[in-house]
Every structure is written in structure tokens, then in C-alpha cells.
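Spelled out, the chains give:
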Amino acid sequence: MAKIAFVAGLDAEPCTGCRLCDIVCPSGAISMERRKAVIDDDACIGCGRCVDRCPEDIMWMTPRSEPLTKTVSLSDVDAAAVDALLLRAGLDADVSVCVCTLTPASEIAAAVVKGATTLEQVSEMTGMRSGCGIYCVAPALRLLHAAGADMTPPRGHRWYPCTVALWDLPAEVTERYPDSFVEVDRAAFDPAGRFTALDDNAQP
Amino acid sequence: MTTVPSPPHFMPSVYGPPPRPHVAGLPDMTSVSVQELFPSIGPAIYTNHLDDLDAVRAATRDALEHVDMSRIDVDDSVNVLASEHGFGMMGGWAYAEMIKTIREVVVARTGCRDVRLRLAIYRGFHEADEVRDHFGFDEAFDGKVKGLGPFDRGVAVDTVVGRMYLVNRAFDAAKFIHAYYDDPREMYFNRLLYKSFKSFCMSYARFETRSVYHSLFGSRSGSVIPRALFDSEFIQQRYAFSSVLRTSPAGVTGIDATTDLYAIDRRITASHLATYGRMQRLFQEIDHCVAVWDGGRWGYYLHAGGLIFGTLLTNHHDSFDLDAPVVAGFLQVPDAPVNFSRNKALRGIVVNQAWVGAGIPYVTMPFTSPMYIVGDEQAQLWREDPANPHLAARATVVPTVEDGIRLAMANGGTDRVIVFDGSYGNITCNPEMANHLRERAPDVDRLVAEQLLPKWLAQRGLA
């Protein structure tokens, strides 16, 4: 669960339509209309990245009158589907995927089960990426990948499909890097041997 | 031996409050020399001040003299890749001097004129401009300076571990030079396992690659990612050589430069286990204290005696013991999770001055360690920081740093204060902490020399 305390705003008149704010927006809250940025307040998760990025310095953050709560409740989705997705992705339910908002893998998986098919939708639904916007991305992409989402990168380098995990590495990696600790880490983090490589050919 | 604390000056930034006087100037502050604590740590050629930069320049020239630069043709374009954290070491001037000298030597040796600087930053879009202006890089590089960060356009790189994404701007030249530093920094994450390669999956990489490295691998197995990137055809076709600013807790010890990054890494690892290894173990002997953030970087990355604050925060485990699966990290051993944002010895943290914006991994720290922010203006920065949504609400705002230290000590029941103000060569602290460190250092010295260092070296094939 993320409490979103701020919302982005801008002075549209001097906006040049460069789209840099749009590209760095994690939740797809910014769109372009007549070459001017437009912000969807409800979709904005208050990360402030657009304000920092804007080369014209015409954007700002303002406190919301009431914090906006972004969360997907596990009780709203099929628990078995969430568990199956986590297993397929090789993620433990309780691990904090977004360590800024402390959003666990189970909630990200629930967002995917609930219908999110893009990283932007996952971020908008859960509030993940409202902090640093960096370290939560691969697990979220991996859950989308495991659910069979289209991993074609969107226009404008918003994100790239990079989801390699410990469970995926082929034997040639450990042969080339015998001190890679791949096998011992697999045994430490998954002693029951539940996780396997993500197989694109298997049906989600 | 008591030395006058003299932390480095630092770069003003939009990501932090206006610079304030250092805590080191308070009348009840002192400092303890790292070489007094550990005589085996040799002297430095540069510590915290500008007057020794000639030594850094000379060391860079000496190191580069024997480097094979035949991979650089006269008509090539060459990117010198610099990483942001080097500018947080001792005020950043030594790293900047190495970078400027690299350009001069490359131009003189190869005849290549198109030598550009690429400044890899963490995540703030103004960081690179601030660094460029503060250190005079436009003048040194004829204006050929650009920043790059994790949100910039990527380039796909196929590696033995799969396809990764680096930042295109880092590699928009025919060749590149890996201009690095050896700050062990987050040794609880990198475990000093091929640390010299880390920028290939962090500074030079898109956020997806950084996330894979940190979130989908353990802190030991993650070391395969930067190596796979470095060894990729994409990188090897462009790689010219490496030049690394070498340090110990005493300060800059020299420059190591060669085309063989693996050889540099082995030398750094062996040296660091002996020097930073002692300091890390000494931090584990601090059983109660108040810490002060007092510098011009993110609080987590501010140095005291060459070690960052994060080392104190995570000193619940031996970072260098590779038998431990986790010291800090996202993947956890079932039934034995490690809360790496908690150090029970840390009875309070006083924020005199530090940048906001780097939430990880101290987002949960305010839940367990009381925090005291000096001044409402600075507190407002934290209230508006989405990367730390819990910090400001849980912190106490105090009018002065003296008030913060006094309150933290009283509430925490400790008489010891350690200050993270960017210092190498010494630790700024109060007399009680200085006495404690002096008392514990001899036992730590013996423990590391006789037991820990042999094990750490053997675990890395360096015995």
C-alpha cells in the first residue's frame, strides 16, 4: 500500500511538448494533447520525477488535500492465481518488491491477476515506483512476463524487457564463472527447490 | 593521538539543504586517526583537502605511463566514463583530478582529440550539471561533457546471462575508458566480489538492469551480472582501459591503471580486505552510539574513516564472510530474514545536512532508529521526498545540531557520537567514542590479521 501525498502540476502555456516528463512518468499519468503535457491527477503517484526532469522548469509538486491510497487487496483477487503467478516468477510473496513503499511481491502479483498488463498499470494500481523508481522494476516486469503480458517495450524508452533472475541462468554461466555462487544461492534462497527458469513456451 | 577534525568541503546541490558549518567545529568534537587505530594501514597521498592534488595528478600520470592505449586510434571518439559516487569521496576533487589527467594523457599519447566525459549519476536529473560545473569539467573537456542516468535511452547488450540494457549515451563513442574509484561503499551488498565491475550493471546501466542485479539475485550470485556485461562482445569491442582511484580508510593511496580489469580487481580486493576489513570489524564493536549525517551527499553514503554510514547500519553481519548468504539484500533465506535497515546499537541519527532522494535501504530505518532533523527548512525537504515516505513523519525536528545530538544521546542512553562528514584518514567523533575505538582497535587488529583476513582471502581465491 502506498499513500500518495503529492500530485504533479504544470504551467502548460510554456510547455514545449518535449515529452521528457511523459517518458519518465512511472504510472502513465502524463499524456500529450496538442503538444502540451496533461496530467491525470488520479493516476499520478507523486514521484516528482517529471518536475526534476522538466527542462523548462514549469512543473511542480503540490500536497494533495487528502493522501491518495494506492493498493490492491489480496482479498479482491483469486488467491490461488496469485500464488501460481508468484511461483512461476520465482518470487516469495512477502519480499518487498518496492522498498520505498514497502509493497510486497504478493500485492504486485495481485495487481497483475486483477488485470494489469503493463508496468505503468501496476504502478498506478499499487503506487510502486513512487519512490526511487528503480529497484522494484525487474520483479514487477518478471511478474508481468510470467503472466504472459506483451513484453514489447513501449515507445520512448519507458522500460525495457529485462527480467533475468537467479533461477534462469543456464549451466554455461556457472561453467564460465565457477565462482558465481549461483548454485549455492539457489540452495539458500529456495531450499525446497520450488523455483525454476521462466519458460516463455509454457502457458501461464 | 588526537587530530583536529577537518572534513572535506562539499558541493552544494538542489538535492540537499544549503551547506552548514560542519559538526566537527563544535567544541566537544574531536577525531581519531585511522592509522593510530590500525598502524598497518599505510599513508595516503591525499585525504580531504585540495593542497595535495598534485600528488594525485602525478600518480595518475605514472600509472597511465605503462598502460597499453593501442586500442585508441587517432580518429576515434572516446568516452571517459565517470561514476557519480567518486565525487562523494573526500569532496570529489581527487577523483576529478584523475579524470582530467586521463584526458590529458590520452590526448598526448594517442593524438586522439575527441575525448568526451560522460558523468553517470544516480537518479536526479540535475546531478550531472552540478558535478560538471563544480569541478570545472567543461573547461577540462572542451565542453564535451554530458550526464547520463538510469532513465535515459537504453541499448541492448547480449550477455551470457541474457539480454541486459545499458545507457546508450555511455557508449556513444568508438571507445570508452572505465574511470573508476575503489570505494567499497555497500560492501554488505557487493561483498567485495568483483566490485571493480559493478558500474557495468549500475552506473552505466538502465534501471531494469540495476533492478535485476539487486532484486533478482543474491548479493553473492549478483556478481555474475557485471562480469557478464564487461565480458560481452558489446563492451569488449569498445573497451580501451581502466583507471581506478585507489584508496584505503586513510585516503587516496594511488592510481591503478591497465587494460586488465580483473587484475585491478584482485589487487583492490586483497588490499581492501586488510584495510577496510579492519575498519568494518571495528564498527561492529560499537555497541551503542548516536550517528550524525553531516555532508553533501545522501546520508547513507557519507563517510567516516572511509566507511559509509550504511556500513554502520548493517554491521549486524560480517559483510566479507561469503559463507553468509545475506548481509543485506532483497532475496531472503526462508525463515531467517535479515532486516538490513536495523542496527540495535544505533540509538539515534541526527541529520545536520544530507541529500534527500535515496530511500533505499533506509526507508524502514526510522521505524527502529529515532531520527532528529535539524531545522524546519531541511525537514520540509524530507517531507516532500517520496523515496522516504515514512521518515519525516517519524522524525523529530530540532532547532540546532547541538540540540539534536543532546536529545538523541539522552533518549538513546548513550554517551558516544560518531559523525559521517565525508572524512577519510580520521573519524570525527566525541571523546567517548574516540576512547572506545582506541580501546577496541588492538583486539580487532589481531582478530582480522589472525582469523578473518585469511578466511576472507581464501574465500575469494586470493590466499
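Values in this document were obtained by computation on a predicted structure and should not be read as measured data. (Residues numbered from 1 in each chain as written. Chains lettered and ligands numbered in written order. Predicted model: local features only at pLDDT ≥ 70, side-chain atom pairs only at ≥ 80, totals over all residues.)

**Points about the overall build of chain A**
No. 1: Helix and strand counts for chain A stand at eight helices and six strands.
No. 2: Listing the helices and strands of chain A from first to last along the sequence gives β-α-β-β-α-β-α-β-β-α-α-α-α-α.
No. 3: Over its C-alpha atoms, taken along the principal directions, chain A stretches across nearly 60 × 40 × 30 Å.
No. 4: The burial tally for chain A puts 49% of its 204 residues in the buried class.
No. 5: Considering only contacts within chain A whose residues lie at least 6 apart along the sequence, 65% involve residues at least 24 apart. (Helix = DSSP H or I, 4+ residues; strand = E, 2+ residues; numbered from the N terminus. Buried ≥ 20, exposed ≤ 12 C-beta atoms within 10 Å, placed from the backbone. Contact = placed C-beta atoms within 7 Å.)

**With respect to the domain arrangement of chain A**
Accessible area lost upon the coming together of the parts serves often as the stated size of an interface.
Residues and elements named next belong to chain A.
No. 1: By the assigned domains, chain A splits into domain 1 (2-70) and domain 2 (74-189).
No. 2: Look at where the C-alpha atoms of domain 1 and domain 2 centre, and you get two points 26 Å apart.
No. 3: Along the lines of polarity and charge, the residues of the side of domain 1 that touches domain 2 split into seven nonpolar, three polar and three charged. (Domains from an automatic or database assignment. Nonpolar A, V, L, I, M, F, W, Y, C, P; charged D, E, K, R; others polar.)

**Comments concerning the confidence of the model for chain B**
Note: predicted coordinates in regions of low pLDDT should not be interpreted at a detailed level.
No. 1: Per-residue pLDDT for chain B averages 94, and the proportion of residues at 70 or more is 98%.
No. 2: Two numbers describe this predicted complex: its pTM, 0.96, and its ipTM, 0.97. (pLDDT = per-residue confidence, 0-100.)

**Quick look at the environment of Arg35 of chain A**
All names here are of chain A.
No. 1: Along the chain, Arg35 falls in the loop between strand E2 (30-33) and strand E3 (36-39).
No. 2: With 10 C-beta atoms counted inside 10 Å, the residue Arg35 sits in the exposed group.
No. 3: Spatially, the C-alpha atom of Arg35 lies 7.9 Å from that of Cys15, the residues being 20 residues apart in sequence.

**Notes on the interface of chain A and chain B**
No. 1: Counting residues at the interface gives 47 residues for chain A, matched by 46 residues for chain B.
No. 2: Contributing elements (two or more residues each) for the side of chain A that touches chain B: strand E1 (2-10), helix H2 (49-53), helix H6 (137-146), helix H7 (171-176) and helix H8 (182-189) of chain A.
No. 3: Per-element tally for the side of chain A that touches chain B: the top contributor is H6 of chain A, with five residues.
No. 4: Its residues assigned to classes, the side of chain A that touches chain B shows 30 nonpolar, eight polar and nine charged.

**Notes on H6 of chain A**
No. 1: The element H6 of chain A is largely enclosed, with a buried count of 10 among its 10 residues.
No. 2: Residues of H6 of chain A that are buried include every one of Val137, Ala138, Pro139, Ala140, Leu141, Arg142, Leu143, Leu144, His145 and Ala146 of chain A, and no others.
No. 3: Looking at the buried positions of H6 of chain A, the neighbouring elements they touch are helix H3 (79-89), strand E5 (96-98), helix H4 (105-114) and helix H5 (119-126) of chain A together with helix H7 (207-215) of chain B.
No. 4: Remark: Gly148 of chain A follows H6 of chain A within two positions and exhibits a positive phi of approximately 85 degrees.

**As for helix H3 (residues 93-110) of chain B**
All names here are of chain B.
No. 1: Spanning 18 residues, H3 covers 26 Å between terminal C-alpha atoms, matching the ideal 26 Å at 1.5 Å per step.
No. 2: Within the span of H3, buried status applies to Trp93, Ala94, Tyr95, Ala96, Glu97, Met98, Ile99, Lys100, Thr101, Ile102, Arg103 and Val106.
No. 3: Backbone geometry just after H3 places Gly111 at a positive phi near 80 degrees. (Expected span 1.5 Å × (residues − 1).)

**A few points about the sheet that holds strand E14 (residues 371-374) of chain B**
Residue and element names in this part refer to chain B.
No. 1: With mixed pairing, the seven strands of this open sheet are ordered in space as E1-E17-E16-E10-E13-E14-E15. What marks the edges here is a single partner per strand, and that holds for strand E1 (30-33) and strand E15 (396-398). For this sheet, the mean angle separating the axes of adjacent strands, direction not counted, is 30 degrees.
No. 2: With two bridges joining them, strand E16 (residues 417-420) and strand E17 (residues 426-429) adopt antiparallel strand pairing. Residue Val419 lies in a different strand from E17, and its bridge partner there is Thr428.
No. 3: Against the sheet, helix H13 (residues 376-383) engages strand E13 (346-355), E14 and E15, with an angle of about 120 degrees to E14.
No. 4: In this fold helix H16 (residues 431-459) packs onto E1, strand E10 (289-298), E16 and E17, with an angle of close to 15 degrees to the strand it touches most, E1. (Pairing = 2+ DSSP bridges. Axes fitted to C-alpha atoms, helices over the stretch in contact; angles between N-to-C directions.)

**Regarding the domain arrangement of chain B**
All names here are of chain B.
No. 1: Segmentation of chain B into domains returns domain 1 (23-41 + 283-453) and domain 2 (50-272).
No. 2: One C-alpha centre belongs to domain 1, the other to domain 2, and the line joining them spans 27 Å.
No. 3: The interface of domain 1 with domain 2 comprises 28 residues on the first partner and 24 residues on the second.
No. 4: Mapped onto the side of domain 1 that touches domain 2, the elements with two or more residues apiece are helix H1 (34-37), strand E12 (307-308) and helix H11 (309-313).
No. 5: Looking at the side of domain 1 that touches domain 2 residue by residue, the class counts come to 16 nonpolar, 11 polar and one charged.

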